[in-house]
Amino acid sequence: MKPDRKEVIIPAYSCPSIVSATLKAGLRPVLCDVNLQDFGFFYEDLENKVNAKTLAIIVVHLYGYPVQFEQIRKLCKDNNSYLVEDAAQAFGNTLPDSPDTKVGLAGDAGFYSFGRGKPISIMQGGLLAAQSEEVYGETEKIYKDLNECPAYQNINYCFSLGIYSLFLNAYLYWLPQMLPFLNLGGTIFEPEFETSKGLGVASEIACMMISRLEKEQEVRKANSKWFAENLEQRFINRGSRSGAYPYLRYPLIIDDRDLRSRILERLITEGTGATGSYPTPLNELPKLREVLADKMEYSCAKILSESIVTLPVHSGLSAKDRENIKRIIEQEGHAN
Ligand SMILES: Cc1ncc(COP(=O)(O)O)c(C=O)c1O
């Protein structure tokens with residue numbers, strides 16, 4: 001859209017798929033450090049990275065929690081760059097102090113994922129919201145040129161979705177994490193990926209799930225509130241984030257590295273559904289080292305990767321599961 005601008009600024013602690021998508025679009029990913037308050041950009045670093053080659057800045061609402069980006073919007077405007085919201089993990093969420101403002105609709109464009117473990121989880125696809133005629137027009141052109149999915153894929157898809165839903169059953173939700181080949185919660189970098197128009201049956205299922213989203217959000221909010229109120233304060237570093245919010249996963253910051261490793265290992269081996277999220281800043285991920293060729297040290301992204309534990313808050317989590325998570329954290333904490 002602006003051919004002389006090829007750089008896209010991405011948080012150094014975020015999903016490797018954003019790098020894949022940037023490369024696939026023939027653009028250059030530029031990393032920027034994050035802040036430990038809401039996991040958005042570290043603003044001083046962002047100011048240094050923005051220049052006349054910056055096409056877009058992508059703010060990422062990690063774990064479904066909206067990062068603040070008013071200052072970034074101004075920076076984009078002054079620099080004539082686009083502001084894109086990655087709301088992959090935040091579909092349906094609203095700003096904590098403005099319940100009418102939906103996350104993902106305040107930039108030039110916003111996108112949502114309907115992949116595994118997302119608020120609308122139908123294993124594939126997503127949605128792009130364009131705020132300007134210009135972005136919408138360009139997106140429409142790209143969409144028109146995409147291949148149609150062959151009809152037989154509807155059947156394969158329904159079969160896979162059936163198996164996936166079985167694993168999401170309240171009594172089995174821990175099972176997929178125990179199966180390493182599913183790589184759930186893993187960090188995937190696929191520089192070459194197929195794109196096509198959505199499957200008809202998938203969009204119908206997504207619409208059905210959207211009608212149940214509010215109920216699921218209430219549960220996620222209640223579970224997050226419970227963790228915020230019931231886990232010992234010394235393990236909770238919420239930054240500027242609110243506790244009672246429909247997180248996709250509840251992020252817990254444990255500053256002591258050894259304690260964090262022990263807690264995480266026990267939570268994983270006991271099948272609680274907890275994860276350590278992304279293991280390193282993007283430029284230190286083995287598959288991305290060469291691609292990014294970025295030897296910078298992103299100190300806050302590094303701290304975050306070494307101190308975060310994310311807890312499940314979905315409706316498959318029972319009161320007993322929550323108590324179990326609390327017990328494990330307290331036992332390891334007191335053994336410290
Ligand atoms: C923050 C974030 N951005 C982008 C993506 C990519 O979404 P998809 O897998 O639908 O391409 C994900 C998926 O995990 C994500 O968590």
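Residues numbered from 1 in each chain as written. Predicted model: local features only at pLDDT ≥ 70, side-chain atom pairs only at ≥ 80, totals over all residues.

Within the secondary structure, V30 sits in strand β2 (residues 28–32). For V30, a count of 20 C-beta atoms within 10 Å corresponds to the buried category. Measuring from C-alpha to C-alpha, the distance between V30 and I10 comes to 6.1 Å, with 20 residues separating the pair along the chain. (Helix = DSSP H or I, 4+ residues; strand = E, 2+ residues; numbered from the N terminus. Buried ≥ 20, exposed ≤ 12 C-beta atoms within 10 Å, placed from the backbone.)

As a further point, take the nonpolar core. Judged by nonpolar contacts, the single largest core of 77 residues is most densely connected at V34, I58, I72 and V309. Sorting elements by how many residues they give to this core places strand β3 (residues 54–60) first, with 6 residues. (Core = buried A, V, L, I, M, F, W, Y, C linked by C-beta atoms within 7 Å.)

The element strand β6 (residues 98–102) is largely exposed, with a buried count of 0 among its 5 residues. Looking at chain direction, strand β5 (residues 94–95) and β6 are connected through 2 bridges and run antiparallel. Looking at the pairing, T94 lines up with K102 of β6. Where β5 hands over to β6, the hairpin turn is made up of 2 residues, counted between the paired strands. (Pairing = 2+ DSSP bridges.)

A word on the site of the ligand. Around the ligand sit S14, C15, S17, I18, V60, D86, A88, Q89, S113, G115 and G126, and that is every residue in its neighbourhood. Taken together, the residues of the shell around the ligand break down into 4 nonpolar, 6 polar and 1 charged. (Near = placed C-beta within 6 Å. Nonpolar A, V, L, I, M, F, W, Y, C, P; charged D, E, K, R; others polar.)

Among the residues of helix α11 (residues 299–307), those classed as buried are C300, A301, L304 and S305. In a view along the axis of α11, the buried residues occupy a sector of 135 degrees, so they form one face of it. At its buried positions, α11 is contacted by β10 (308–312). (Arc of directions from axis to C-beta. Contact = placed C-beta atoms within 7 Å.)

All quantities given are derived from atomic positions and should not be read as evidence of function.
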